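# Architecture and fold: a report
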Amino acid sequence: VSRDAIALAADEQHACIQLFQIRAGQLVGRLGFVADTHAEPGTILQRVLEEHYQTADDVEIPTEILVQHELPEGEMLATALSQRKGRKVTIVAPQRQIKAELIEMVERNAEYELTRTQRLSDRNTQAMEDLATILDLPELPHRIEGYDISHIQGSNAVASQVVFIDGLPAKQHYRHYK
């Protein structure tokens, strides 16, 4: 059986989502996502699934998707995925037996990831507070930009920019200049 199983664990700030990819009874992939917790769990799972399958090849779409919580637009997503795959795709929130145990295992993995994310967040917050103290800033910096300009004996100048938002690298804002 080709199936994916998705579950999340959340606190007040973060939601850690785990997606297990099972093909022919073997776990072949484990993907992790982090989201804000400003929505219902089913809505978060739906958004992650839509974004994941939007970039996936049609052959990577499984025939069965197990979810921890019912999706608000689950039927629409299943229909769209079925059309792309050319076979029926079902989205199920299992309640008993092996499928429910699989969802519980994915949820435990999401909880471990949430714990790791919380520790990292606490460490980053402490580092940002230390930086604000050292630089005598009135409040914690939200965005930090760093630049480096390199050259070879005055020619071939190249510059790079790195950006940190709330102490975390924001690689989508990195730039390279000539």
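Here the structure is a predicted model, which is why all the values come from computation and not from measurement. (Residues numbered from 1 in each chain as written. Predicted model: local features only at pLDDT ≥ 70, side-chain atom pairs only at ≥ 80, totals over all residues. Heavy atoms only, no water.)

The mixed open sheet is built from 5 strands, whose spatial order is β3-β2-β1-β4-β5. Bordering the open sheet on either side are β3 (26-36) and β5 (90-92), each of which pairs with just one other strand. If you compare each strand with its neighbour and ignore which way they point, the axes differ by 20° on average. Strand direction decides the pairing type here: strand β2 (residues 14-23) and β3, joined by 10 bridges, are antiparallel. When the sheet's bridge partners are listed, His 14 is paired in β3 with Asp 36. Against the sheet, helix α1 (residues 41-55) makes contact with β1 (3-10), β2, β3 and β4 (64-67), and its axis sits at roughly 135° relative to β1, the strand it touches most. Strands β1, β2, β3 and β4 of the sheet are contacted by helix α3 (residues 97-134), whose axis makes an angle of about 45° with β1. (Pairing = 2+ DSSP bridges. Helix = DSSP H or I, 4+ residues; strand = E, 2+ residues; numbered from the N terminus. Axes fitted to C-alpha atoms, helices over the stretch in contact; angles between N-to-C directions. Contact = heavy atoms within 4.5 Å.)

Within β1, 7 of the 8 residues are buried, which leaves it mostly tucked inside the rest of the structure. Bridge count between β1 and β2: 8 bridges; the pairing is antiparallel. Across the sheet, the residue bridging to Leu 8 is Ile 17, located in β2. Between β1 and β2, which follow one another and run antiparallel, lie 3 residues. Bridge count for β1 against β4 is 4 bridges, and the pairing is parallel. Bridge assignment links Arg 3 to a residue of β4, and that residue is Glu 64. (Buried < 20%, exposed > 50% of the residue type's maximum accessible area, 1.4 Å probe, protein only.)

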